[in-house]
Amino acid sequence: MNNSLPRLQVRNIRKSYPGCIANNRINMTIQPGEIHALLGENGAGKSTLMKIIYGLIPQDSGEILWEGNQINFATPEEARMLGIGMVFQDFSLFECLTVTENIALTLRGKWNLKQVDRKIRFLSKEYGLKVNPSRLVHTLAVGEKQKVEILRCLCQNTKLLILDEPTAVLTPQEIDKLFATLKKLAINGCSILFSSHKLNEIHQLCTNATVLRQGKVVENCNPQKQTPNSLAELMISEDRKDRALRIVEEDNAKYSKYSYVPGDICLQVRDLCLPKQHPYGIALRNINFEVGSGEIIGIAGVAGNGQSELTSALSGEIISSHQMIMLGEMPIGNFGVTMRRRLGIAYAPEERLSKAIVANMTLQENALLTAYGQGMLQSGMIRQSKLKAWTKRIVNAFDIRGGGLNSRAGSLSGGNLQKFILGREIQQNPIVLIAAHPTWGVDINACTTIHNALIQMRDSGSSVIVISEDLDELFSLCNRIAVIYKGRLSPLKAATDINRKKIGQLMGGIGF
């Protein structure tokens, strides 16, 4: 190979869908050993471009050059054979298979599962991506699945690693380890295409950036010579710029968490104990907390410490003893999801595609899935005009950009889909909202839209429980914060009385 040649070049790439030009004559060059950022708002065309490079979807026109040679991928397998690997924002793993089996499926040549297991363990230790190869994927937390996706690419001797929002569900400690891994890979010659809405990360990690806006390249720059504010300004369309830049500059005091006055107890958890739901699950042990009306509480923790089990217990997916969960004065521990929703508990789960929506159904159909109690049914029949108006209300309130109300939910970008899921729950005006990773993979405008909606819920008297590994988010939003570790929950502390160092210690089990 001639090392003077670019690793990858895309020239005049165009891709359109009905009513939308996703990529409009895009050009981009990535050198060997370069960490290259791909920036843009939700719906700017980033995911489409990455999927074209990976061979997942074909471009309508334009060409791709790999180390100087024109290529045309028909499948991702052909891309992997050349050394291109991709970590998706929404995971592409077989839930019923183990970590080892998932990774073995993508490896070329003759491998047995013991060899793959050893390779995973070596790479896990080498790059600080702790994962048990024997675990079934469906037993993993979302952050652990992210690690599996990265390990799968590392096992393939990848020359170009494409990462779509890789840090969205990682803790600060895990992000530091990931960045060390990426820098080590780059030093060894691997090129990295890194897409993220966390502009501080881009500024810290990347040396070049391609900025997309409405499907077009609007800027190529060195992020390290920019500020997060200037990067945001490049990304955002003129009609949204003033609002977005105001958002970037505003202090966390805008959330007025310091003026919080506790209301009546809305939801109370009393000595919640649950056994493991599967061999690799986490048992919940004597969890106690309460959330008042007009309060946002946050629960931090490293993925796999019981967050999924706790959200399932709160939402009714897992049944507990009657008195362990109280809604006001009413014991609801043995109520299922349907009854809890009727009583005013809404839930936005951590995994969009597997638990929150049905990808092949339209937005209207997905809106009906949890909001059927909002006057959408009459004598067992769907009131289509009401459903249309309801879905339109969600789309307008949360600025959801896609092909229309009858578009398949799976066709939306990750950020727009996340806004839809949160909007669907928030618009129902629940008494309690459980939100897991509420701003996973969304841009600054979408993040602020979601945060403001949660704050408005709080100010109207609702209770909000945010489960997140993003400490910035928790400190911005929450009145009180606790940490979950190995199925136990620390006492809730006022956000003004706890700091990142203390939370980091609790996340590591120190102080429990």
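Residues numbered from 1 in each chain as written. Predicted model: local features only at pLDDT ≥ 70, side-chain atom pairs only at ≥ 80, totals over all residues. Heavy atoms only, no water.

J.: Is there a simple way to explain the overall build of the protein chain in this structure?
T.: For the protein chain, the helix and strand inventory stands at 18 helices and 23 strands. Here the C-alpha atoms of the protein chain give a radius of gyration of 23 Å, agreeing with the 24 Å that 2.2 N^0.38 yields for 512 residues. Across the 512 residues that make up the protein chain, the buried fraction comes to 56%. Once local pairs closer than 6 in sequence are excluded, the contacts in the protein chain between residues at least 24 apart make up 67%. Summing over all exposed atoms, the protein chain offers an accessible surface of approximately 21400 Å²; the carbon and sulfur share of this is 49%. (Helix = DSSP H or I, 4+ residues; strand = E, 2+ residues; numbered from the N terminus. Rg over C-alpha atoms; globule rule 2.2 N^0.38 Å. Buried < 20%, exposed > 50% of the residue type's maximum accessible area, 1.4 Å probe, protein only. Contact = heavy atoms within 4.5 Å. Areas by Shrake-Rupley, 256 points an atom, 1.4 Å probe, with all protein chains shown as cover.)

J.: So what exactly am I meant to see when it comes to the pattern of salt bridges here?
T.: Opposite charge on two side chains permits them to pair, given that their charged atoms come into close proximity. Counting across every chain of the model gives 16 salt bridges. Between Glu425 and Arg341 there is a salt bridge; the shortest N-O distance is 2.8 Å. Residue Glu425 is located in helix α15 (residues 414-426), and its partner Arg341 is located in helix α11 (residues 337-343); the two are separated by 84 residues in the primary sequence. Under the relative-accessibility criterion, Glu425 is labelled buried at 0%. (Salt bridge = Lys/Arg side-chain N within 4 Å of Asp/Glu carboxyl O.)

J.: How should the sheet that holds strand β11 (residues 265-274) be read in this particular structure?
T.: The strands making up a sheet are joined through hydrogen bonds of the backbone, oriented either antiparallel or parallel. Strand order in the open sheet formed by 4 strands is β12-β11-β14-β15, with antiparallel pairing between adjacent strands. Sheet topology places β12 (284-292) and β15 (330-331) at the edges, where each strand pairs with a single neighbour. Pairing of strand β14 (residues 325-327) with β15 involves 2 bridges; the strand directions are antiparallel. The partner of Met326 across the bridge, within β15, is Pro331. Those strands touched by helix α10 (residues 307-315) are β11, β12 and β14, and its axis lies near 60° from that of β12. (Pairing = 2+ DSSP bridges. Axes fitted to C-alpha atoms, helices over the stretch in contact; angles between N-to-C directions.)

J.: Help me understand a positive patch on the surface in this model?
T.: On the surface, a cluster of positive charge is made up of Lys130, Lys177, Arg285, Lys486 and Arg488. With respect to the helices and strands, the residue Lys177 is situated in helix α6 (residues 172-187). Of the residues examined, Lys177 reaches a relative accessible area of 47% and is grouped as partly exposed. (Patch = residues over 30% accessible without salt bridge, like charges linked within 9 Å, V, L, I, M, F, W, Y side chains within 5 Å. Lys, Arg positive; Asp, Glu negative; His and termini not counted. Charge placed at Lys NZ, Arg CZ, Asp CG, Glu CD.)

J.: Looking at this structure, how should I read the nonpolar core?
T.: Nonpolar side chains tend to gather and get buried jointly when the protein is soluble and globular. Leu39, Ile103, Leu161, Leu182, Ile192 and Phe194 are the most contacted members of the largest nonpolar core, which has 50 residues in total. Apart from the residues within four sequence positions on either side, Leu161 is in contact with Gly85, Val87, Cys153, Leu182, Leu185, Cys190, Ser191, Ile192 and Leu193. Ranked by size, the runner-up nonpolar core spans 48 residues in total, among them Leu387, Ile400, Val483 and Met507. (Core = buried A, V, L, I, M, F, W, Y, C linked by side-chain atoms within 4.5 Å.)

J.: Explain unusual backbone geometry to me, please; I cannot follow it from the model alone.
T.: A negative phi angle is the norm for most residues apart from glycine, just as the trans form is the norm for most peptide bonds. A positive phi angle, close to 45°, is found at Asp271, a residue other than glycine. Residue position: Asp271 is located in strand β11.

J.: Sorry if this is basic, but what is going on with the packing of helix α13 (residues 363-371) against helix α14 (residues 384-397) here?
T.: Two numbers describe a pair of packed helices, the interaxial angle and the distance between the axes. Put simply, α13 and α14 touch, their axes get as near as 9 Å, and they point 95° apart. Considered as vectors, α13 and α14 are oriented roughly perpendicular to each other. Contact residues: Leu363, Gln364, Ala367, Leu368 and Ala371 in α13; Gln384, Leu387, Lys388, Trp390, Thr391, Ile394 and Val395 in α14. For the contact of α13 with α14, the per-class residue count stands at 8 nonpolar, 3 polar and 1 charged. (Parallel < 35°, antiparallel > 145°, perpendicular 65-115°, else oblique. Nonpolar A, V, L, I, M, F, W, Y, C, P; charged D, E, K, R; others polar.)

J.: Help me understand the sheet that holds strand β9 (residues 208-213) in this model?
T.: Pairing in this open sheet of 6 strands is mixed, and the strands run β6-β7-β8-β3-β9-β10 from one edge to the other. Because the sheet does not close on itself, it has two edges, and the strands there are β6 (84-87) and β10 (216-221). Averaged over all neighbouring strand pairs, the angle between strand axes comes to 20°, with direction disregarded. Relative to strand β8 (residues 191-195), strand β3 (residues 35-39) runs parallel, the two being bridged by 4 bridges. When the bridges of β8 are listed, Ile35 appears paired with Ile192. Seen against the sheet, helix α5 (residues 142-154) touches β6 and β7 (160-164) and runs at an angle of roughly 180° to β6. This element, helix α8 (residues 228-235), spans β3, β9 and β10 of the sheet and lies at about 40° to β9.

This is a description of form; function is not addressed.
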